[in-house]
Amino acid sequence: MDNTESTPIDSASSGFSSEILLSPLLQYWGYRDFRPLQREAMTLVMHDQDSLVVLPTGGGKSLCYQVPAMCRNGLALVVSPLISLMKDQVDSLRSVGIPAACINSMQTNRDKLEVARQIRQHELKLLYIAPERLVQDKTIDFLRDAGVSFVAIDEAHCISQWGHDFRPEYRQLSRLRDAFPGISVHGYTATATEMVRQDIAAQLQLRNPQILVGSFDRPNLSYRVERRSDAIGQIQRILNRHKDESGVIYCISRRNVETTSTALNRLGFRTLPYHAGMADGDRKRSQESFIDETVQIIVATVAFGMGIDKSNVRFVIHAEMPRSLENYQQESGRAGRDGLEAECTLLYSAGDVDTWEYLMKDIEDPAVYAVSRESLLSMQGYCINTVCRHQQLVRHFGQTLEHTNCGACDICLQEMQPVTDSLIMGQKILSCVVRQGQRFGASYTAQVLRGSKGKRIVENGHDRLSTWGLLKDEPEPQIRNWIDQLLSQGFLRQTGEYNCLEVTDTGRRLLKGELIPALLRARDGVAAQTTDDLWSGVDRPLFEELRGLRTRLSVQKQVPPYIIFSDATLRDLARQRPTRPDGLNQVYGIGRQKVDEYGTVLLFTIRQWCEQHNLPGDVSAEAFMPQTIRRKPSARPTDNLAAATPYFDLFEQGLTIEEVCLQLDRSAGTVSQYLEKYIRVHQIDNIDRWVKPAIRERILQAIGQIGNERLKPLFEFLNSEVSYDDLRIVSALWDIKHSQ
Ligand code: ADP
Ligand code: ZN
């Protein structure tokens, strides 16, 4: 995938070399190279070229304007929506030795006067300010003589009412253009939708803006979906994997926040609740305890998160399904901002959809209602599909990952195993639906299959059906999960107010044995096996020791622990174990200021530790892995040839998708992804074996009209009547025909 939507300007043309950006990066932050698109984004600022930069959470947006601010003369203005965010950023800039300040309504007059003095004396490099304050006449007048270098707008989506966090005060920012003519404006956001991007550019009146869009994938996060059966038990198992690590548990309702937090505390965990119904003071205390790490676990509603920059969140659990994939991306995205591995698990139950539908019923505007419902269904799709979770997430945002195994989701890690005889399993379930007269929902069906003597079942005489108790050895959540899988593969559909199950035409072919479903079974007791590489060479007990030191320093300095050192820095210290001052310069995330401030105590602690534990110090940095997980960007299909070979062979032999599924025990989704690759790699121009000609023509026509950059609009354009698999395959055909 191409990382940029438009080509960044040629920095060489005006005598500027982006190499000069590397010097502050190392000197202040202790980082040796750029994250993807940072160099390009910084170059745009250096050239006064208006820009909008879209990177996911943790992608390193702040540095995109902070580094240029250090390379340019004058004062950079940064607009930020929340006081807590401003404070965090200013703390963290100061901690690396950069003169920065903020102006906000919580400051005392004395503080404000001091900041004004610093501005007049040209002592500051960055000034954080709330939008409503920036656009006041007196602020503008005052800043006119301050030598403003450029304006950066953080969380720029707040200006758009299509975004998920519209803030009317951002709208006033359109005044900036007149107030500071000739000064470039740069927006930064993690929001992925095209409509919001265009809106931001228009509202900010950006001039011929360069829009940079990064990959939305977060390779360091592992994603899992579990059907919710015993929520507290399931959460407990995850918490046990993260002793003493920070994490967030999201619930839909305030009541659930309270009950979950209480239940976990009874089990011996220390958690605090957070929701909008709590008294301000209590809520603030919860948040602060989480930030300064006196409490590691927060149980919260969606109210929690915005304004929290804590970089070392190691897990995010959704005890219930959020209402959209945008929300899920935002909330789960709070994990692993430091680039280290983190775990995101979603506990799903079909009832969550009902809860959201109930909550949505008051939406009056039919257009808004339609969009909300569609978002809800995409979210549900994520929960029940058997396609790589990373892939599903980026696809939702209009991108694709080239690799076929992410190595970091329940599907790719095969925590779900193919059911040995999935045809028979599918037939058992579908015939039960038929025998019940297609008038009952998924839960009920699962209970009949399990052989329940429930009152309704007996009253309906369904305990006398031949399908009653057919799956008595399977746990009910597992049966429910199979029903979901059959729904998502189109063998069943839900109808009516009560979501009664009905067998589709495709389902009838399954009953006749003509089609085979791909059913997966959750494997028992799988440990969350995520990338251990980022621990390689790290002396864990020393890491813990350094963590203790960080907590003490944080209390002393009154800044959050993650501002003193990130977890990645602590790991690198515990890996390289420097005992001499020059060794500190090699450590990830330690710049000059940190050496001056903490060098002595670090070296002392490490030296002592190494002596006491007979551990070698000063281990070379060369031997180790990079500090963050980076999947190779967009490996070309041929790069994965080894994995693809068995698929390609079978396609070559003329097998259909269903047949390949059967041969290789893979889901139709996976097989069709390989098929798409096969078609592209081998430039296959006849796809009749896999897609009916009539459907092919319909899709080709649609692509002719609206293009094939994204599949979702195509899917909608075709009234959801063709499958994504068909779309993908025909889309590949189109590309081949048009590249010849
Ligand atoms: P965002 O605002 O996009 O969510 P941040 O700017 O908070 O992301 O950056 C996330 C983390 O990555 C921070 O800890 C930051 O210091 C770190 N980071 C940013 N750029 C780099 C880089 N080039 N090399 C290493 N770490 C980086
Ligand atoms: Zn995956």
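Note that the coordinates shown come from a computational prediction; the quantities given were computed from them, not determined experimentally.

## Re the side chain of T189
- Note that T189 resides in strand β6 (residues 185-189).
- Only 2.8 Å separates the side chain of T189 from the side chain of H157, close enough to count as a polar contact.
- Other than its neighbours up to four places away in sequence, T189 contacts L52, V53, V54, L55, K61, A156, H157 and I200.

## Topic: the pattern of salt bridges
- As enumerated under the stated definition, the model contains 43 salt bridges in all.
- In this structure, the salt-bridge partner of R571 is E341, at a minimum N-O distance of 3.0 Å. With R571 in helix α25 (residues 567-576) and E341 in the loop between α14 (325-332) and β13 (342-348), this residue pair connects regions lying 230 residues apart in the sequence.
- For R571, a relative accessible area of 1% puts it in the buried group.
- Residue R580 is joined to D618 by a salt bridge in which the shortest nitrogen-to-oxygen separation is 3.5 Å. On the criterion of sequence distance, the pair formed by R580 in the loop between α25 and α26 (581-584) and D618 in the loop between α27 (592-613) and α28 (641-652) is long-range, its members being 38 residues apart.

## Regarding the coordination of the zinc ion (ligand 2)
- Taken together, the protein ligands of the zinc ion (ligand 2) are C388 (SG), C406 (SG), C409 (SG) and C412 (SG), with distances of 2.3 to 2.4 Å.
- Because the angles between the 4 donor atoms bound to the zinc ion (ligand 2) fall within 105 to 117°, the donor set is best described as tetrahedral.
- One chain supplies every donor for the zinc ion (ligand 2), spaced along it as C-x17-C-x2-C-x2-C. Of this pair, C388 sits in the loop between α16 (366-384) and α17 (389-396) while C406 is found in the loop between α17 and β14 (416-418), placing the two residues 18 residues apart along the sequence.
- When its relative accessible area of 8% is taken as the criterion, C388 is described as buried.

## As for the sheet that holds strand β3 (residues 100-103)
- The sheet built from 7 strands is open, its strands ordered β3-β4-β2-β5-β6-β1-β7 with parallel pairing. With one partner strand each, in any of the chains shown, β3 and β7 (210-213) form the two edges of the open sheet. Strand after strand, the sheet turns through a mean of 20° between neighbouring axes, direction not considered.
- For strand β2 (residues 75-79) and strand β5 (residues 148-153), the ladder comprises 5 bridges, and the chain directions are parallel. Note on β5: the bridge partner recorded for V78 is A152.
- This element, helix α4 (residues 83-95), spans β3 and β4 (126-129) of the sheet and lies at about 165° to β3.
- Along the sheet, helix α5 (residues 109-120) contacts β2, β3 and β4; its crossing angle with β3, the most-contacted strand, is approximately 130°.

## Some details on the domain arrangement of the chain
- Each domain of the chain was delimited in the assignment, giving domain 1 (19-213), domain 2 (221-415), domain 3 (417-522), domain 4 (532-612) and domain 5 (637-737).
- Inter-centroid distance (C-alpha atoms) of domain 2 to domain 3 is 29 Å.
- Taken together, the 10 residues of domain 2 in the interface contact 12 residues of domain 3.
- When domain 2 packs against domain 3, the two sides together hide about 860 Å² of surface, and 51% of this comes from carbon and sulfur.
- At the boundary of domain 2 with domain 3, the tally comes to 1 salt bridge.
- There are 1 residue pair in polar contact (both at pLDDT 80 or more) connecting domain 2 and domain 3.

## Observations concerning the environment of M321
- Looking at where M321 falls in the secondary structure, it is placed in the loop between β12 (313-318) and α14.
- By relative accessible area, M321 is classed as buried at 0%.
- For the pair M321 and G351, spaced 30 residues apart in the sequence, the C-alpha separation amounts to 9.4 Å.
- Each residue touching M321, except ones within four places of it in the same chain, is listed here: I252, L346, L347, Y348, D352, V353, W356, L376, M379, Q380 and C383.

Cut-offs applied
- Residues numbered from 1 in each chain as written.
- Chains lettered and ligands numbered in written order.
- Predicted model: local features only at pLDDT ≥ 70, side-chain atom pairs only at ≥ 80, totals over all residues.
- Heavy atoms only, no water.
- Helix = DSSP H or I, 4+ residues; strand = E, 2+ residues; numbered from the N terminus.
- Polar contact = N/O pair within 3.5 Å; in protein donor to acceptor, adjacent residues only side chain to side chain.
- Contact = heavy atoms within 4.5 Å.
- Salt bridge = Lys/Arg side-chain N within 4 Å of Asp/Glu carboxyl O.
- Buried < 20%, exposed > 50% of the residue type's maximum accessible area, 1.4 Å probe, protein only.
- Donors = N, O, S within 2.8 Å, 3.2 Å for Na, K, Ca; no water.
- Tetrahedral: all angles 85-135°; square planar, octahedral: opposite > 155°, others 65-115°.
- Pairing = 2+ DSSP bridges.
- Axes fitted to C-alpha atoms, helices over the stretch in contact; angles between N-to-C directions.
- Domains from an automatic or database assignment.
- Buried area = accessible area lost by both parts, 1.4 Å probe.

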